[in-house]
Each structure stands twice: as C-alpha cells, then as structure tokens.
Amino acid sequence: MSLAYYPGCTLKTKARNLEEPGIASLEVLGFKLEEIPRWNCCGAVYSLAEDDLIHQVAPIRNLIRVKEQGKDKLATLCAFCFNTLKRANLLMRENAEKRNTLNSFMDEEIDYGGEVKVVHLLEVLRDEIGWEVLAQKVKLPLRELKIAPYYGCTLLRPREIAIDSVENPTILREFLEALGASPVDFPESTRCCGSYQIISNPDDISEYARDILNSALSHGAEALVLTCPLCDYNLGRGQKELIKKHNEFKEMPLFYFTQLLALALGLDSQVCHFELNYGSPESLLREKDLLS
Amino acid sequence: MSVTISPKRLRRVFVRKVKELSGQNLQLCYQCGMCSGNCPAASNMDLSPRQIIELTRLGLEEEIANSKTVWICASCFACTVNCPRGFDLSKMMEAIRLLTLRKNINYIRPEDISPQERCELPQIAMVSGLRKFTG
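Residues numbered from 1 in each chain as written. Chains lettered and ligands numbered in written order. Predicted model: local features only at pLDDT ≥ 70, side-chain atom pairs only at ≥ 80, totals over all residues.

Considerations on the overall build of chain A
No. 1: If you tally the helices and strands in chain A, you get twelve helices and eight strands.
No. 2: Relative to the globule expectation of 19 Å for 292 residues, the C-alpha radius of gyration of chain A, 19 Å, shows essentially globular dimensions.
No. 3: Once the C-alpha set of chain A is aligned to its principal axes, its extents read approximately 60 × 45 × 30 Å.
No. 4: For chain A, buried positions account for 51% of its 292 residues.
No. 5: Pairs at least 24 apart in sequence give 79% of the contacts found in chain A among residues at least 6 apart. (Helix = DSSP H or I, 4+ residues; strand = E, 2+ residues; numbered from the N terminus. Rg over C-alpha atoms; globule rule 2.2 N^0.38 Å. Buried ≥ 20, exposed ≤ 12 C-beta atoms within 10 Å, placed from the backbone. Contact = placed C-beta atoms within 7 Å.)

Structure follows, in structure tokens:
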C-alpha cells in the first residue's frame, strides 16, 4: 500500500538516521512511503498570531500537493513538521474566513479546505498495522533493552493535534512492548527539551537535558527513544560537556523510534545510521547481543 | 515584586494589540498559576507566566519589555493544555514577542551564531529560532 509522505528539511541531512530506517521498515510492513512532489519547508513552527496568514502558505502548499495526487492522507516522520502541518490543516478546515483569504492568495493553486488527514508514522503503526501484527513481524526482539519513551512536545500539544492522551501517553510504551523491549516510564517524558531556545540560550538547554536524562537514568533507563530531531540535538549535543561538568552525569544513548523498529524487524543495521547518533548506541546494542 | 499602577502608566493600546494578535480573552485568567506550575522554563524566568498575564492585562508595557520571560518561552504549550480556563498563553507570549519584532528589534543577531554551530544545528532549530527571535 502506498502512503503520501512528507520528509521535511532536517530528515534529508541531519536526521537521516530517523528517515532511512523508517522508510525501510514500513516497506517490510507493507507500506511504501512515497515522497510528495515539489515539497517545501513547512516553516518548522506553526504561526500563532491571528493576523499572520503568510506563514500558513508554506505548510498548506504541501497539503495541496497531496490533494493534487488524489490522496487523502499524509504521513510525517519529523515531529516538528507533523505539528505544523496538522495545525495548518485544522485552520483550513475550521476557519472559513482565513481559508478563503489563503485560497484567494494562492491563486495558482487548487482550492484547499483541509481534506487531507495528517498523520504521524507512529499512528500508522498503531492504527493501520496494529501492535499485534507488528509484534508478529519482529525477528530480533529487543529483549532486556530498558528504554524510556521521550515524547517531547509536538506530538502531544496542543490538545487538538495530539496523537495520544496529552496527560498519559502510552503510544511509545506500546510500540516498545511490541518490539520486545522493556519500556521505562519516567515523569519527564513529556517535558520540553527547550526546543529553539538552543540558538539563544544553550546553557539553559544543557541544564534541561541534564534533568531529563538524569530522571530517565534514575528510573532505570539505559537509553531514550525519540521522535524529534531537535530533541535529539538538545539532549545529545551537550552530553560530553555535562560529563566533564558533573561527576554524577552518565552518558545516555538516544535512539530514534525508527532505528529500533528497523533493528527489531531484522533489517541491516547500516540502514539505521547509528554513526549519526549521540551517546554510543552501538556499544549498548552489542552489550545486549542486538548488534554483531 | 511591587508595581506602581497609575492611569498614566497603563497602556490601553498595548492591551488591545495583544488581544488582537493572540485572539485571546485576557479576562479569562483567574490567576491560579497552573501555567507557571507546568512551565518547564519558569525557574529561569524573571516574571512567571502567571505574572506576565496579569501585567499584560493591566497594560504595564514597560515591565514586560524589561522582562526576559517571553524570550525564554519555548512555545511548548504545557501552559495551554493545563489551563483550566482554556486560555492559550502560548499565543499571548507570541503576541508580545511580535510587538517587539515588528518594530525591527531582533532578540538575537543571526551573525552571532558561529559557523560551526550553523553547520551542526538541525534545520528545524534554525528555522524555528529565527522565526521566533527575529522580525
């Protein structure tokens, strides 16, 4: 089955370790992710000002590309892009005045009214494939791997775009269980990593990372599973510095959920691009006999 | 903190603009502090999220301009989803940022980001950061 797919800018460069194992795994599970033609940057963040419609044009153009292909669903992998595209789509569905203004402005495009459904790949796994079927396809169960799910913000907030319960999400826990891993719950799993504050306020970001990673560690996690390239950067880049600064701090490997999926489905580990990860994930996997 | 309130200091235009840009009814807030309690960055802010709402609806533009709070906010929506009154504080924070940025006053200088950092930062960090901190 083919599924329209929006990669976004970061997945083509920094986060190939999120994209490539995702595409390869979905193929094994019977879904071909087909990149939409002529996609553009979604703008990364949803425009929050009432009078700012110009920044809605970029995400909506991507949704128009999907409609033009006669498709009614768009799958995303980057958590930031998911949030921006889904919110822009809701705006087009629910606000007639702004929809008309935007459609008139984009005179060269077909009219768009929010017909496409924006989904995240985790929703495809849960709602279209199902955890039981996924568990049956697992060739290398991730036994004894204690992993803390880290959701961050953009898959769960605001409420109208959440892929799961805002207060008590379980989708990553269920995903990890299907792969045979041992999920480790911890209270910071939905706490913000600091996001774009990294470019103005990097010292605070290191402290947020320290709190989040120490909490996961103290609850027994050996690694974190992520969905967002900015969480990955904010939680990963400062770890070496934190080790130098704080005696108690221990390095924590970070995985994208698609890497764990590919590994459990028995795909060649090269597709995971572990060399792009923070925190030596390969040593942990070798220790658990999950990587040769 | 102590704040002197006099009719002369209250900026009605500021309040109207924040309302227009955010689309929020500032009177919804009853100052329970759920926003501050749920904000992961509150301890780094000089004015708490709850205080920012109160000062904004009083029209105390100078106090807000002298505070870093709206620039420490990462738009994570923890306040938004936890507000018992349905007030979207993330939108109010954005409105206050934009009132500065639209006067061509940037919060960061893009040229201060080192070439090495520019290479390392994921694109979503650069795009979102420049959109939030520059006009």
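Some words on the overall build of chain B
No. 1: Secondary structure summary: chain B contains nine helices and zero strands in total.
No. 2: Along the first, second and third principal axes, the C-alpha atoms of chain B reach 50 × 30 × 30 Å.
No. 3: Counting all 135 residues of chain B, 44% fall into the buried class.
No. 4: For chain B, restricting intrachain contacts to residue pairs at least 6 apart in sequence, the fraction spanning at least 24 positions comes to 69%.

What to know about the sheet that holds strand β1 (residues 2–6) of chain A
Residues and elements named next belong to chain A.
No. 1: Across the sheet, four strands lie side by side as β2-β1-β3-β4; this open sheet has parallel pairing. The open sheet has two edge strands, β2 (32–35) and β4 (117–120), and neither has a second partner. Taken over all neighbouring pairs, the strand axes of this sheet differ in orientation by 45° on average, direction set aside.
No. 2: Both β1 and strand β3 (residues 73–76) contribute to a ladder of three bridges, which runs parallel. The partner of tyrosine 5 across the bridge, within β3, is alanine 75.
No. 3: Here helix α3 (residues 79–94) sits on the sheet in contact with β1, β3 and β4, set at roughly 160° to β4. (Pairing = 2+ DSSP bridges. Axes fitted to C-alpha atoms, helices over the stretch in contact; angles between N-to-C directions.)

Section: the interface of chain A and chain B
No. 1: Counting residues at the interface gives 34 residues for chain A, matched by 35 residues for chain B.
No. 2: When its residues are assigned to classes, the side of chain A that touches chain B shows 19 nonpolar, eight polar and seven charged. (Nonpolar A, V, L, I, M, F, W, Y, C, P; charged D, E, K, R; others polar.)

Examining the pairing of β3 of chain A
No. 1: Bridge count between β3 of chain A and β4 of chain A: four bridges; the pairing is parallel. Its bridge partner being in β4 of chain A, leucine 74 of chain A is matched across the sheet by valine 118 of chain A.

Comments concerning the packing of helix α1 (residues 12–22) of chain B against helix α7 (residues 89–101) of chain B
Residues and elements named next belong to chain B.
No. 1: Closest axis-to-axis distance for the α1/α7 pair is 8 Å, and the angle between their directions is 120°. The pairing of α1 with α7 is recorded here as oblique in orientation. As α1 packs across α7, the resulting crossing turns out to be right-handed. Together, Lys17, Val18, Leu21 and Ser22 of α1 and Lys91, Met92, Glu94, Ala95, Ile96, Leu98 and Leu99 of α7 make up the contact between the two elements. (Parallel < 35°, antiparallel > 145°, perpendicular 65-115°, else oblique. Left-handed = near helix turned anticlockwise from the far one by under 90°.)

Comments concerning the sheet that holds strand β7 (residues 223–226) of chain A
Residues and elements named next belong to chain A.
No. 1: Read from one edge of the open sheet, four strands run β6-β5-β7-β8, paired in parallel fashion. Two strands close off the open sheet at either side, each with one partner strand: β6 (182–183) and β8 (254–256).
No. 2: Where strand β5 (residues 146–149) and β7 come together, three bridges link them in parallel fashion. When the sheet's bridge partners are listed, isoleucine 147 is paired in β7 with alanine 223.

Considering the domain arrangement of chain A
All names here are of chain A.
No. 1: Domain parsing of chain A yields domain 1 (2–121) and domain 2 (130–287).
No. 2: Computed from C-alpha atoms alone, the centre-to-centre distance between domain 1 and domain 2 is 24 Å.
No. 3: Top contributing element to the side of domain 1 that touches domain 2 by residue count: helix α1 (residues 16–28), with nine residues.
No. 4: Looking at the side of domain 1 that touches domain 2 residue by residue, the classes come out as eleven nonpolar, six polar and five charged. (Domains from an automatic or database assignment.)

Notes on the environment of alanine 78 of chain B
No. 1: Position of alanine 78 of chain B relative to the elements: it lies in helix α6 (residues 78–82).
No. 2: Residues alanine 78 of chain B and cysteine 29 of chain B, spaced 49 residues apart in sequence, show a C-alpha to C-alpha distance of 16 Å.
No. 3: Leave out the neighbours within four places in its chain, and alanine 78 of chain B touches Arg157 and Cys192 of chain A together with Asn38, Cys39 and Pro40 of chain B.

Observations concerning the nonpolar core
No. 1: If you look at the biggest cluster of nonpolar residues, it comprises 132 residues, and the most contacted ones within it are Ile147, Ala216, Leu224, Val225 and Leu260 of chain A.
No. 2: Aside from chain neighbours lying at most four places away, what touches isoleucine 147 of chain A is Leu176, Ala181, Pro183, Val184, Ala221, Glu222, Ala223, Leu224 and Val225 of chain A. (Core = buried A, V, L, I, M, F, W, Y, C linked by C-beta atoms within 7 Å.)

A few points about the pairing of β1 of chain A
Residue and element names in this part refer to chain A.
No. 1: For β1 and β2, the ladder comprises four bridges, and the chain directions are parallel. Its bridge partner lying in β2, leucine 3 is registered against leucine 33.
No. 2: For the handedness criterion, the β-α-β arrangement of β1, α1 and β2 is classed as right-handed. (Right-handed = clockwise from strand over helix to strand, strands pointing away.)

Observations concerning the domain arrangement of chain B
When the parts of a complex come together, some accessible area is lost, and that lost area is often taken as the interface size.
No. 1: Each domain of chain B was delimited in the assignment, giving domain 1 (12–103) and domain 2 (108–135).
No. 2: One C-alpha centre belongs to domain 1 of chain B, the other to domain 2 of chain B; they are set 24 Å apart.

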